[in-house]
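What follows is each chain in one-letter form.
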Amino acid sequence: MRSIVTGGAGFIGSHLVDYLVSAGDDVIVIDSLISGDLNSIQDHLDSKRITLVSADLLSDLWQEHLFGADRVYHLAADPDVRESSVSPDKQLNNTIIATHRVLEAMRKASVPEIVFTSTSTVYGEASIIPTPESYTPMEPVSVYGASKLACEALISAYCHSFSMRSWIFRFANIIGARSGHGVITDFIRKLKANPHELEILGDGKQTKSYLEVRECIRAIMFVVHHTQDPVNTYNIGSEDWISVTEIADLLCQEMGLSPKYRYTGGSRGWVGDVPKMQLDISRLKSLGFIPEISSRESVRIAVKSALE
Ligand code: NAD
């Protein structure tokens, strides 16, 4: 297959590229490198197993590469939920406008399939936890969540209007090697600056589901290989959750530190945060997927690789 991966130099994208290369795909990565890291895919570039198109999706420097492609994995986005409330314009451009541009380029180049990385934040502050894909009303509480929900709607419309097929994945928190953002990265940075005190956003009781990135890729590819509807929407996460304070405990234990915790207070860490998040993955399991890693185990693996 010829596969396009937007955001392929990013955290999740680079693991997806590893998978696609090992599956024998002809891979083209389109990435502006705004937050991606070339080191993550350097081995594949050196061995000429992939082609890199260094371009912003908001420019017109990449569309020609879609001709002849079988599938687009569209991961490029600004994944910072916190920042989305500070700079909504940036979020709308990088998510909604960029996704519309990808869909238009696919339509013109007759690329029939798209895999899209959405998020648990499309559910907002859900009253049903674990939250199933059928949950309503979808009332996102962050600009990031709203932007992703708009992308899902656009993708659905393009699939039904132009005979395309899509897989939409609503992720829990994805963590692991090469991640440059999120709670573990934040805590390590703070502890390196001051090993005696750790600032924890909120009251530390925010409890969420986490999944190790390679397990996330395994779930994505499992669904892609087992479903064929025009629009296939699946939650991806683990079946348990862990609190922010427990993550801090685990990390400090691994670093051999006993800092004093200083909570900023309140039940959420930032505007657009939710105190509790866990996704119902029954739909994923009904396809025959057997989850192998818990939230706690995912955090343990991510902490170890971040410290290495
Ligand atoms: P990341 O920041 O590591 O990767 C994003 C990549 O996209 C980067 O390489 C960046 O350079 C590139 N990019 C951003 N804007 C671009 C643009 N306009 N044109 C071209 N390239 C651009 O983020 P990630 O954590 O790997 O997230 C990947 C996807 O998964 C995103 O769509 C994100 O919203 C989604 N997601 C991530 C999580 C998570 O926990 N990490 C959870 C839910 C959803």
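Located above this text is the structure these notes cover.
Caption draft 1: Examining helix H5 (residues 143–162) more closely. In this model H5 runs 28 Å from its N-terminal to its C-terminal C-alpha over 20 residues, within 8% of the 28 Å that 1.5 Å per residue would give. Among the residues of H5, those classed as buried are Tyr144, Gly145, Ser147, Lys148, Cys151, Glu152, Ile155, Tyr158 and Cys159. Projected down its long axis, H5 carries its buried residues within an arc of 160 degrees, all on one side. Facing away from the buried side of H5 by more than 90 degrees, the exposed set consists of His160 and Ser161. Looking at the packing, one finds that the buried side of H5 touches helix H3 (81–84), helix H4 (88–109), strand S5 (113–119), strand S6 (165–171) and strand S11 (231–236).

Caption draft 2: Layout of the site of the ligand. The local shell around the ligand holds 29 residues, among which Asp31, Ser35, Leu75, Asn94 and Tyr144 are the closest. Serine 32 places a polar main-chain atom, nitrogen or oxygen, 3.0 Å from a nitrogen atom of the ligand. In this structure, an oxygen atom belonging to the ligand sits 3.0 Å away from a main-chain N or O atom of isoleucine 34. Compared with its free state, where it exposes 820 Å², the ligand has 96% of that area covered by protein. Mapped onto the shell around the ligand, the elements with two or more residues apiece are helix H1 (11–22), S5, H5 and strand S7 (173–175). Counting residues per element, the shell around the ligand draws most heavily on S5, which supplies three residues. Within the shell around the ligand, the residues separate by chemical class into 15 nonpolar, eleven polar and three charged.

Caption draft 3: Seen up close, the pattern of salt bridges. One pass over the structure, following the stated rule, counts 23 salt bridges. Between glutamate 104 and arginine 107 there is a salt bridge whose closest N-O contact spans 2.8 Å. Taken as a pair, glutamate 104 and arginine 107 lie in helix H4 at a separation of three residues, close to a single helical turn. Its relative accessible area of 16% is what places glutamate 104 among the buried residues. Judged by its relative accessible area of 36%, arginine 107 is partly exposed. For arginine 262, the salt bridge goes to glutamate 199, with nearest N and O atoms at 3.8 Å. You can see arginine 262 sitting in strand S13 (residues 260–263) and its partner glutamate 199 sitting in strand S8 (residues 197–200), a full 63 residues away along the chain. Classification of arginine 262 as partly exposed rests on a relative accessible area of 37%. Members of the salt-bridge network, linked through shared partners, are Asp186, Arg189, Lys190, Glu197, Glu199 and Arg262.

Caption draft 4: Here's a closer look at helix H8 (residues 244–255). In this model, H8 (twelve residues) spans 16 Å end to end at C-alpha, consistent with the 16 Å of a helix rising 1.5 Å per residue. By the burial criterion, the buried members of H8 are Val244, Thr245, Ile247, Ala248, Leu250, Leu251 and Cys252. Tucked into the core, H8 has its buried residues touching helix H6 (183–193), S8, strand S10 (210–212), strand S12 (242–243), S13 and helix H10 (295–307). Once H8 ends, the next one or two residues include glycine 256, with phi positive near 70 degrees.

About the thresholds
Residues numbered from 1 in each chain as written. Predicted model: local features only at pLDDT ≥ 70, side-chain atom pairs only at ≥ 80, totals over all residues. Heavy atoms only, no water. Helix = DSSP H or I, 4+ residues; strand = E, 2+ residues; numbered from the N terminus. Expected span 1.5 Å × (residues − 1). Buried < 20%, exposed > 50% of the residue type's maximum accessible area, 1.4 Å probe, protein only. Arc of directions from axis to C-beta. Contact = heavy atoms within 4.5 Å. Near = heavy atom within 4 Å. Polar contact = N/O pair within 3.5 Å; in protein donor to acceptor, adjacent residues only side chain to side chain. Areas by Shrake-Rupley, 256 points an atom, 1.4 Å probe, with all protein chains shown as cover. Nonpolar A, V, L, I, M, F, W, Y, C, P; charged D, E, K, R; others polar. Salt bridge = Lys/Arg side-chain N within 4 Å of Asp/Glu carboxyl O.

Keep in mind these numbers describe shape, not what the thing actually does.
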